[in-house]
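Residue-level listing of the chains:
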Amino acid sequence: FPLFKTTLSDGTTAIDESSAESDSFGAVPPAITFTPSGFSNNRPTVVPQSLIAGDVTDVDISFVTENPIPSDGMIIFEVPSTFTNVVASSVTIGSGIDGTFVVTQGGTASTFASTLKTAGGNWVVSLNRQNDGSTVPSGTTVSVVVSEVVIQQFEGPSGDFPLFKTTLADGTTAIDESSGETDAIGLVPASVTFTPSAFTYTEPTFVPHSLIAGAETQLRVTFTIQNPLRIDDKIIFEIPDTFSNVSATAVTPVSGVDGTFLVSQTGAKSVYDNTRKTSGGPWTVTIERAGDGTTVEEDVEVIIDLAHVYNQQFEGPSGTFPMFKTTLNDGTSAIDESSAEADALGTVPPSITWTPSGFSGVTPTAVPESLVAGDTSGLQLTFTVQNPLPPDCKIWIEVPNTYTDAAATAVRITSGIDGGFTVAQTGTSSVYDNTLKTSGGTWVVEITRDGSGTTVAIGTVVEIIVDDVTTMQFEGPSGVHPMIKTTLADGTSAIDESSSESDAIGTLPPSVTIVPATFLNFDARPDYLVAGLNSTFSFSVTLKNPIPVDAMLEFTLPSTFQLVDPSHIYTDMDGTFAFETVGSGPWVVKIRRNGDGTVMAAGDVLNFDMNRVVNKANIGQTGSYTFVTYLNDETTRIDVEDAPTIHIDKQIVNVGVAFGSTTVAVRDQVKRWYFHGYGLNSGDQIKWVTNGATEDHHCDGHGYSTSVGSDMSVSSVADNAVEFSVLFYESDSSADGPWKMCYKFFNETTPWKLYSGMTVEVREFYDVASAGFGAGNVAVAHEEKMLTLNGFGVADGDQVKWIDTDTQNCTSEGVSFVDYRDTEWHETAWPTVSPTAAPVPTPPTPSP
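Residues numbered from 1 in each chain as written. Predicted model: local features only at pLDDT ≥ 70, side-chain atom pairs only at ≥ 80, totals over all residues. Heavy atoms only, no water.

Draft legend 1. Broad picture of the nonpolar core. In terms of nonpolar packing, the biggest core is built from 33 residues, with Phe537, Phe555, Leu557, Met610 and Tyr625 touching the most fellow members. Contributing elements (two or more residues each) for this core: strand S45 (521-526), strand S46 (534-542), strand S47 (552-557), strand S51 (587-593), strand S52 (605-614), strand S54 (625-630) and strand S55 (637-643). Per-element accounting of this core gives the leading share, 4 residues, to S52. Not counting residues up to four positions away in its chain, the partners in contact with Phe555 are Phe522, Ala524, Phe537, Phe539, Trp587, Val588, Val589, Met610, Tyr625, Thr626 and Phe627. Formed by 32 residues, the second largest nonpolar core is a distinct cluster that contains Phe383, Tyr403, Ile495 and Ala517. (Core = buried A, V, L, I, M, F, W, Y, C linked by side-chain atoms within 4.5 Å. Buried < 20%, exposed > 50% of the residue type's maximum accessible area, 1.4 Å probe, protein only. Helix = DSSP H or I, 4+ residues; strand = E, 2+ residues; numbered from the N terminus. Contact = heavy atoms within 4.5 Å.)

Set out below in structure tokens:
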């Protein structure tokens, strides 16, 4: 201090004095040292504009001057080495100060290995005013922005900024100062807290190798680091409790990272009810690098697979993964982080969507209890549970519209599941035309468990029958069932599913083959059971399924019939139709409806009668008959049935006579015929008709000598024989003979049967045409006389005799001019020759 003295009152006369005057010998008061002020007791702030780990950012600087800053003064601050790097290059004025600056920086430059900072800092940054601004007054709030700094590569505190001061132009004379120096009274800029970064480019993802519900799978973890990952850092993430279970024991690096890993897990263990998870999770998985790999550089995509993760047991979203971060080895200092924490700015890994499982890879089946067309029965569902079924789950089956109807009124349990059920059905109701379905379906049947049963465990084979399902009304494939699935009680979250949905992996229940139904009744038989008879044939059916207006009906007769060639078919089926006969072994009669009738309803009885059917030639079984109804395509069967064989039991196989030949008779002479055969009766009838008869119905006209049988006798060639006494009294057969025999078996409705091979020539003696001499009616005893006889059928070798006119009996005793011996003729035993072949005449008996 230059002067210190005491004086008199005049102020000049010194008493004691320390000064620079020559007469002053006292020592002047010594100098004192001023210390810097402290920014008016306000803490300066140095705050990066981004606090995110690893970010390159500008720094906001703010302080309040306690002493003015000259136009060439300086602002100096120190950045701690916790920062990754400082590259201060420019200043942007915010407020409270003007002019321009020159920025300089001192300190240890950062060094890096694989983008990871290994050394560097602290850094002292000086902002030099260039004397082109004004003095900053005391009490001014100054703010500037300095570019640029790189944030620490992980979360945590920066630590205080060690130095902040304003100085004169020399850079050493402090004006206001906050530092660690002893004379600095200001508060140093406070530490800032760095927050984790947020994984470069995109959020981390978790994708199970399999998204199938309930599957044990590897969980693929993919993320791109924003800050480098050290050789002993950790990867930590949380798996939500929607997963069934996590048993994290091993991890496999796929790309972006090397070395080995230590895997640990925390979280509530899963609890199960009969394989169904009831609680457990979430789980926090920690993957620690074991120090034997290399640093993972920033911006590298890392992919790893975590083993032994178990998907949710039904379809639906997993929900987001609540936390994913990389940390230092301490497990708490986050490097990059996506979580719900306030300082985590990364997007959490998104939800994944599980898809339904597929019934353990076993194809479900839906098979009607009856595969017969038009039958109403139960539809049996069989499937293997891949994920457990809760007591309140639902089972769904879609019935294709090929079925006639799916009323689905009740459910019956066969095996694998317990408790009660309710059943509902939605779909388009069937529409019918006279019992023929014309539209309707598909139908979705919903079976709901009522909660009273137990959980159905994984691997259980379940069999359920849905009542009142009606198969289609004709044969053919049902087509696959479009959907079968099990769901939670919400009816939408599928557990196992086979459907056309893109996420359904199960195989659809296969098509079943519906077989044609059996007619409710089918009768078929010849109207008459006479062998070889050309007559009518009748058949009738009771429909199980309706037949359309353009259907084809097919009736098959066995090849034992000699001819099937109807010219008329009579029926009570309405509308017009065409028919034809195809083949002969067997005979197939096709009846095609022309579309102008009505649908013949289920339960209708249709009767048919056709003519010109010739029975089998001999007695015996005809063989069975078949009747089929078809759709218009003539290949798809509706109903089908066989009618049993019919026994043809009536036939003439042989003929004999009491005398003479079977092919000769004499007018007005009674002759006994013996007809051998089967199904004969003493009430049978015979008659002879003109030689021009060729068909059985030709017997219906005029006949000669109709006779009724009299006696039955034993036959050596058939069942029995019938005896007929025949008298031809009308005429001989000269005009239209030889006559053919017609036989009518005893039955008032049985028609005549023509046996063309059994003929008779009816001969007649007319008169004595002439005599060798004399009259033709006079002879002389013991004198030969030549007579010429006139008649039909007379021939050399004929015999005559004369008897007493009173006797009237050619066989009277004592009259033996001619010894006549008759011989009965028999045909060869049936069936070595045709029973209708003409018998071989016996040669006339020669004259004695």
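Draft legend 2. Structural detail: the packing of aromatic side chains. Under the counting rule described, the total for this entry stands at 39 aromatic pairs. Ring centres of Phe555 and Phe627 lie 6.3 Å apart, and the angle between their planes is 50°; this geometry places the pair in the tilted category. Taken together, the residues Phe555 in strand S47 and Phe627 in strand S54 connect sequence positions 72 residues apart. The exposure class of Phe555 is buried, given its relative accessible area of 0%. (Phe/Tyr/Trp six-rings, centres within 6.5 Å; stacked < 30°, edge-to-face > 60°.)

Draft legend 3. Spotlight on the state of the cysteines. Within the structure shown, the criterion is met by 1 disulfide. There is a disulfide in this structure between Cys699 and Cys742, and the S-S distance comes to 2.1 Å. Residues Cys699 and Cys742 share a disulfide whose torsion about the S-S bond is about -80°; that sign makes it left-handed. Taken together, the residues span a long stretch of sequence, with Cys699 in the loop between strand S60 (685-689) and strand S61 (704-708) and Cys742 in strand S64 (residues 739-744) at a distance of 43 residues. Comparing Cys699 with Cys742 shows no difference in burial state: the two are buried. (Disulfide = S-S within 2.5 Å.)

Draft legend 4. Structural context of the sheet that holds strand S7 (residues 101-107). Strand order in the open sheet formed by 5 strands is S7-S10-S5-S13-S14, and the pairing between neighbours is antiparallel. Edge positions in the open sheet fall to S7 and strand S14 (174-178), since each of these has one partner strand only. Each strand axis lies, on average, 15° off the axis of its neighbour in the sheet, ignoring direction. Pairing of S7 with strand S10 (residues 123-129) involves 7 bridges; the strand directions are antiparallel. (Pairing = 2+ DSSP bridges. Axes fitted to C-alpha atoms, helices over the stretch in contact; angles between N-to-C directions.)

Draft legend 5. Seen up close, the pattern of salt bridges. Counted according to the given criterion, the structure contains 21 salt bridges. For the salt bridge of Lys650 with Asp649, the shortest nitrogen-to-oxygen distance reads 3.3 Å. Take Asp649: its relative accessible area is 27%, and that puts it in the partly exposed class. Residues joined in a network through salt bridges with shared partners are Glu369, Arg412 and Asp467. (Salt bridge = Lys/Arg side-chain N within 4 Å of Asp/Glu carboxyl O.)

Draft legend 6. Quick peek at unusual backbone geometry. Looking along the chain, the bond that leaves Gly585 and enters Pro586 is cis, with omega of 5°. Take Pro586: it is sitting in the loop between strand S50 (577-582) and S51. In this structure, the amide linkage connecting Gly737 to the following residue, Pro738, adopts the cis form with an omega of -5°. Positionally, Pro738 belongs in the loop between strand S63 (720-726) and S64.

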